[in-house]
Each structure stands twice: as structure tokens, then as C-alpha cells.
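# Chains, contacts and geometry: an overview
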Amino acid sequence: MSKELTVSIDGKDRKVFLQTGFYSHTRYKSLEFHRHSYPEVHIFLRCDAKFITAEGTYSVKDGDVLMVPGEMFHAYQMGEEEGSLHFTFQIDAPCNEVVIRKLPNGLAYDLLSRASELKENDITADHSSVVPHLAFIGTALISDREHRAREITDYPFLMREYMEYNYAKNITLEDLAK
């Protein structure tokens, strides 16, 4: 069972799915290979963990947030630290590669505080207190990837593309000189 929220991320309304157990003290110290339809976000607090995909194994530490693409098989193994925490949710957003970011400690632990006020597996609870955190995290994970553009410095190529796009026939420099 999951709870669907609409969260404004990077100026767009996106669906976020909180699954039963999205906030967990020790519910799952490890999980076998599995996959989801949507990209999944994992937040690890007070622990070191290994996150495994077909692309490789990633070491994550306290305060790291990781997003794995939808349909990508993945598994994780949390360390043995006492009081370790793991948050997870799925998000309707573009993701073609594993992305890892470090969260500001204040944000990660404020999310911990607000999530701990919710009953651990209560999907029917009011989750509005965590929505701003989900928005910030989602933006941190996807905004720079969606807007990243490589600068083209091949000026002859740019001129050819411009001319082909804007004119029905091929125009040469001689045509322009007339």
C-alpha cells in the first residue's frame, strides 16, 4: 500500500509515493534485488550502507540521498550502527542514472524529526509536514540534470543548423553576398 502526494519539485507538480514503511528504524537492514516502476529515492541517516545495482556498488554515508532509476534492479545492505535510519519514496521524475547527493545535516535530521512524529507504517496519516523536505530533496536530485546543456562551440555547425532550420533551400555565402 502507498500514499500518493503531489509535490512541487523544480517548478513542476510531481507525484511522490510513500510506501508502507517509508520511514524505518530497523525494519529492513538489507533488501534483496528488486525494482520499481518509478525512480526510488533512499535517504540514509546514522549509518553507512552499500547500495548495489547492475552499474556497480555505491557506498553511502550518514545524510546521503540516492536516487535509482525506475526498472533498475537494486539492493542495499545497511551497516550495524545502532539507531540507523532509512527513508525511501518513489517519485515521478526523470532519472536515467544513479544519483547521489549529500543533504545538509539540518534538513536530514529535521526530516527525521517530522517523520518520527508519524506512525511508522501509517499511510493514512497527514504527511504534509514532510512535503517541503521531499520537494527540496527532489529538486536537489533532478534540477541540475534536467537543465544541464553542453555548450556548442563549433560555429560552422551552428551556422549550418541555423540556415537549414530557417530557410527552405540551401543558401551559400555567395547567395548571402548578393
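Above: the structure in question.
This one's a predicted model, so the numbers in the text were calculated from it and none came from an experiment.

### Observations concerning the packing of aromatic side chains
- Applying the stated criterion to the full structure yields two aromatic pairs.
- Plain terms: the ring middles of Phe-44 and Tyr-76 are 6.1 Å apart, the flat faces sit at 70° to each other, and that makes the pair edge-to-face. Of the two residues, Phe-44 is situated in strand S5 (residues 40-45) and Tyr-76 in strand S9 (residues 74-78); the sequence distance between them amounts to 32 residues. Each member of the pair Phe-44 and Tyr-76 is classed as buried.

### Quick look at the nonpolar core
- One finds Val-16, Val-41, Ile-43, Phe-89, Ile-91, Ile-137 and Leu-141 to be the most contacted residues of the largest nonpolar core, which totals 27 residues.
- Those elements giving two or more residues to this core turn out to be strand S1 (2-9), strand S2 (12-19), S5, strand S8 (64-68), strand S10 (85-91), helix H1 (105-117) and helix H2 (131-147).
- Ranked by residues supplied to this core, first place goes to H2 with five residues.
- Each residue touching Ile-137, except ones within four places of it in the same chain, is listed here: Val-41, Ile-43, Val-65, Phe-89, Leu-103, Leu-107 and Leu-111.

### Some words on unusual backbone geometry
- One non-glycine residue, Arg-46, lies in the positive phi region at around 55°.
- Residues other than glycine seldom take positive phi values, yet Glu-71 does so here, at roughly 70°.
- Tracing the chain through its elements places Glu-71 in the loop between S8 and S9.
- Here Glu-71 falls in the partly exposed class, since its relative accessible area comes to 42%.

Conventions adopted
Residues numbered from 1 in each chain as written. Predicted model: local features only at pLDDT ≥ 70, side-chain atom pairs only at ≥ 80, totals over all residues. Heavy atoms only, no water. Phe/Tyr/Trp six-rings, centres within 6.5 Å; stacked < 30°, edge-to-face > 60°. Helix = DSSP H or I, 4+ residues; strand = E, 2+ residues; numbered from the N terminus. Buried < 20%, exposed > 50% of the residue type's maximum accessible area, 1.4 Å probe, protein only. Core = buried A, V, L, I, M, F, W, Y, C linked by side-chain atoms within 4.5 Å. Contact = heavy atoms within 4.5 Å.

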